[in-house]
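Structural description and commentary
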Amino acid sequence: MISTMQRLVQAGFIASLLAAGPVLAADAAQATPTQVDASGPSQLIESSANILLTGIDKNRDQFRKDPTGLYALVEQTLLPNFDTPYAAQLVLGTNWRNATPDQRKRFVDAFYKSLLYTYGDAMIDFTGDRLKVFPTKVTPEDTRATVRTEIKRSNGTKVAVNYTLRKTNGQWKAWDVVIDGISYVKSYREDYGAQVQQQGLDAVIKSLEDKAANARAAKGQVAAPGKTPSKT
């Protein structure tokens, strides 16, 4: 099962991506982008973060009372650039090959909603001045990349956060994050793998669906489902 530390890592996954600000302090005169720049790995992380942070800064108090708008902002800006279906496939590991098309789709949808509802609240307190993004050089032929970042905690300590991206259909998308040496995909795979062995895949999917439904009812937000990846 996932340890307390690993759960903290996962909670920081989306939140830390939100916090990704530019390497240098933002120029007050520089306009906030209105569209995510997916031309490169670093640009993707930085531009999506700037859009999200601006939205949070403008509505932080409202989002604290009702996170519905925050979830909508994340769905519009961040999640289209995160390869949830691919990550979900890796999380299931060998169980993916034995899953039916319906089980795969249900797992992707439930995994997406679980991430959004369980860890969405962790975003509200993050600000761009707490994270440094290091430039990532890629060639036109590259299809894989790692964006290195560093988060500064409130106590002054720094944590390495590395984002793994891949280029699919000509577009860069993030699919994993390694926080302080712990991969969120790997930690979920270990947890769900053990659960599938003990309970079966349908039971694990049903548990995720129930958790998402309960969270949706509590927060009044309906998440958009992910797309089922092609068989590999």
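Residues numbered from 1 in each chain as written. Predicted model: local features only at pLDDT ≥ 70, side-chain atom pairs only at ≥ 80, totals over all residues. Heavy atoms only, no water.

Here we look at the pattern of salt bridges
Enumeration over the complete set of coordinates arrives at seven salt bridges. Between Asp109 and Lys105 there is a salt bridge, with its nearest N and O atoms 2.9 Å apart. Remark: Lys105 and Asp109 occur in helix α6 (residues 101–119); sequence separation between them is four residues, near one turn of the helix. Put simply, Asp210 and Lys206 hold a salt bridge, and the shortest N to O gap is 2.9 Å. Residue Asp210 and its partner Lys206 are located together in helix α8 (residues 201–219), separated by four residues, close to a single helical turn. Sharing partners across several salt bridges, the network here consists of Arg106, Asp202 and Glu209. (Salt bridge = Lys/Arg side-chain N within 4 Å of Asp/Glu carboxyl O. Helix = DSSP H or I, 4+ residues; strand = E, 2+ residues; numbered from the N terminus.)

Notes on the confidence of the model for the protein
Note that predicted coordinates carrying low pLDDT should not be read in detail. In the predicted model, the protein carries a mean pLDDT of 76, and the fraction of residues at 70 or more is 71%. Counted against residues more than four places away or in other chains, residues 1–32, with its pLDDT under 50, gives 74 contacts. Of the regions scoring below 50 in pLDDT, residues 221–232 engages in 31 contacts with residues more than four places distant in sequence or in other chains. (pLDDT = per-residue confidence, 0-100. Contact = heavy atoms within 4.5 Å.)

So, the packing of helix α4 (residues 84–92) against helix α7 (residues 184–199)
Two elements in contact, α4 and α7, have axes separated by 7 Å at closest approach and are oriented at 45°. On the basis of their axis angle, the class for α4 and α7 is oblique. Seen along the crossing, α4 lies across α7 with a hand that is right-handed. Facing Ala87, Leu90 and Val91 of α4, the residues of α7 in contact are Tyr184, Val185, Tyr188, Arg189 and Tyr192. (Axes fitted to C-alpha atoms, helices over the stretch in contact; angles between N-to-C directions. Parallel < 35°, antiparallel > 145°, perpendicular 65-115°, else oblique. Left-handed = near helix turned anticlockwise from the far one by under 90°.)

Some details on the environment of Ala38
Inspection of the secondary structure assignment puts Ala38 in the loop between α1 (4–18) and α2 (41–65). With relative accessibility at 23%, the residue Ala38 sits in the partly exposed group. For the pair Ala38 and Gly170, spaced 132 residues apart in sequence, the C-alpha to C-alpha distance is 9.7 Å. (Buried < 20%, exposed > 50% of the residue type's maximum accessible area, 1.4 Å probe, protein only.)

As for the environment of Asp210
Here Asp210 falls in the partly exposed class, since its relative accessible area comes to 32%. In the structure, Asp210 is positioned 96 residues away from Ser114 in sequence and 9.6 Å away in space, judged by C-alpha atoms.

As for the nonpolar core
Phe107, Phe111, Tyr184 and Tyr192 are the most contacted members of the largest nonpolar core, which totals 37 residues. Contributions of two or more residues to this core are made by α2, α4, α6, β2 (144–152), β3 (158–168), β4 (171–179), α7 and α8. Ignoring any residue separated from it by four or fewer positions in sequence, one finds Tyr192 in contact with Val91, Phe107, Phe111, Ser114, Val204 and Leu208. The next biggest cluster of nonpolar side chains, apart from the first, holds eleven residues, and it includes Leu52, Ile56, Tyr71 and Val74. (Core = buried A, V, L, I, M, F, W, Y, C linked by side-chain atoms within 4.5 Å.)

A look at the packing of aromatic side chains
Scanning all chains against the criterion turns up eight aromatic pairs. Ring geometry for Phe107 and Phe111: centres 5.8 Å apart, planes at 10°, overall stacked. One end of the pair is Phe107 and the other is Phe111, both in helix α6 and four residues apart, which spans about a single turn. Considered together, Phe107 and Phe111 belong to a single accessibility category, that of buried residues. An angle of 85° between the planes, with centres 5.9 Å apart, marks the rings of Phe107 and Tyr192 as edge-to-face. One end of the pair, Phe107, is in helix α6; the other, Tyr192, is in helix α7, with 85 residues separating them in the sequence. The same class applies to Phe107 as to Tyr192, namely buried. Through pairs of rings, three or more aromatic residues link up here, namely Phe82, Phe107, Phe111, Tyr184, Tyr188 and Tyr192. (Phe/Tyr/Trp six-rings, centres within 6.5 Å; stacked < 30°, edge-to-face > 60°.)

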